[in-house]
Amino acid sequence: MTIATVPREIGTARRWSILGASTLAALSTACVVNGGAFLIPELQRSTGIGLPSASLLAMMASIGLMITTIPWGAALDRYGERSILLLSLGGTVAATTGTVVAAAFSAPTWLLGATLLLAGASAASTNGAGGRIVVGWFPAAQRGTAMGIRQMAQPLGVGVSAMTVPVLAQHVGLAAGTAVFPILATIALAVTALVIIDPPHPAGASAAAAPNPYRHSDFLWRVHGVSVLLVIPQMALWTFVPVWLMVDRGWAPATAGVLVTVTQIVGALGRIAAGRWSDQWGSRMRPIRIIAAAAATATILLAVTDAFNSPVAIAIMVAASIITVADNGLAFTSVAEFAGPSWSGRALAFQNTAQYLAGSAAVPLIATTIDGVGYPIAFAVTAIAPLIALPLVPRDPR
């Protein structure tokens, strides 16, 4: 296993500030990629499209991210984090501004979808960059915790979207809801320019000569496979819980947004706890195995309680939403550590691409299942994925 050496040229405060800046960049991406889910009720109301079509439109940013994550990862391996983040976030600002303009002028839904696709494609570098920054600037005994903090970006991004996008879309209009995306991307771009510096990595011939970590071990392949399976219930809950609360349970958008935001904040803290847990155990894989079992159990319980229209289903949903996001930081840390600095951009990009491909494929299928047989069966189906993942979790590499 190749592990980057942590240099001593910067102080502790600067190291953590770089982590904070990369987390903000990834948070802006999470808003772009996941914020479309909170537009679904307004899209249905204002355009008259059905849930499957609205869900597909909401997934366009995810599809764009999936298409370009691997090229961005290769660019990170070659050019480093700072320059690629600046280019990526600049493109995100431009594309999301196009989304706002399209929504403001009631453009056809295909044009709105195209701008979201471009926004996701532009934003796709931030996750891989953040993973490389953690492994490049932090010692091994702190990486689980540091990656847990970096991985807070996703649930916090969902929480920010939940508190802003549906309320603005309902009360002001679709353009106001989408305006959240370029505002956050602009802030992230400015902070990145001020704070982030690249950790030292092998360059030139040394990087090119680094061995391919996929050739002589199945560790990365198995981690990718497990992560793909575990992202399915996560994406299902992130995408459909707001609609479930507002449409199926009759909650007001503001009330639903508060609950989703609180849930995502707790989920973000859970990622830090999981990272700290893995640092203390000296293992990334054993916690993932436990999380997979808990995710399957919680999702099955959600299906059962929702089938009986029990108010307990709300509490189970909160628990399931927290559990299903806890594994991401552990998987990212293990991938970046095992791949090493010359391959981590591509390895993390492959991880992200596979996860978003699974999520992009699963969301329309789950929407169709909800339309056909209801939420309880859809929740039960998503519980199958973490059950399959359990025996696939590899042992920790030596």
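Residues numbered from 1 in each chain as written. Predicted model: local features only at pLDDT ≥ 70, side-chain atom pairs only at ≥ 80, totals over all residues. Heavy atoms only, no water.

This paragraph deals with unusual backbone geometry. Look at Asn309: it is not a glycine, yet its phi comes out positive at around 55 degrees. The residue Asn309 is located in the loop between helix 15 (285–307) and helix 16 (312–323) in this model. Residue Asn309 is classed as exposed on the basis of its relative accessible area, which comes to 54%. (Helix = DSSP H or I, 4+ residues; strand = E, 2+ residues; numbered from the N terminus. Buried < 20%, exposed > 50% of the residue type's maximum accessible area, 1.4 Å probe, protein only.)

Accessible area lost upon the coming together of the parts is a frequently used measure of interface size. As far as domains go, the protein chain holds domain 1 (12–195) and domain 2 (218–392). For domain 1 and domain 2, the distance between their C-alpha centroids amounts to 18 Å. The partner domain 2 presents 50 residues to the 46 residues of domain 1 that form the contact. Approximately 4000 Å² of surface area, both sides summed, lies buried where domain 1 meets domain 2, with 71% of it carried by carbon and sulfur atoms. Area buried by domain 1 at its contact with domain 2 is led by Met59, Met66 and Pro155, which between them contribute 13% of it. The interface formed by domain 1 and domain 2 holds two salt bridges in total. Where Glu337 meets Arg143, a salt bridge forms, and the shortest distance between an N and an O atom there is 3.5 Å. Across the domain 1-domain 2 interface, the total number found is seven residue pairs in polar contact (both at pLDDT 80 or more). (Domains from an automatic or database assignment. Contact = heavy atoms within 4.5 Å. Buried area = accessible area lost by both parts, 1.4 Å probe. Salt bridge = Lys/Arg side-chain N within 4 Å of Asp/Glu carboxyl O. Polar contact = N/O pair within 3.5 Å; in protein donor to acceptor, adjacent residues only side chain to side chain.)

Evaluation of the coordinates by the stated rule reveals seven salt bridges. One network of salt bridges, with partners in common, ties together Asp77, Glu81, Arg132 and Arg346.

Taken together, the side chains of Val373, Ile377, Val381, Ile384, Ile388 and Leu392 define a hydrophobic patch exposed on the protein surface, amounting to about 510 Å² of accessible area. Of all the elements in the fold, those that place two or more residues in the nonpolar patch are helix 19 (375–382) and helix 20 (384–389). Its place among the elements puts Ile384 in helix 20. (Patch = residues over 30% accessible without salt bridge, like charges linked within 9 Å, V, L, I, M, F, W, Y side chains within 5 Å. Areas by Shrake-Rupley, 256 points an atom, 1.4 Å probe, with all protein chains shown as cover.)

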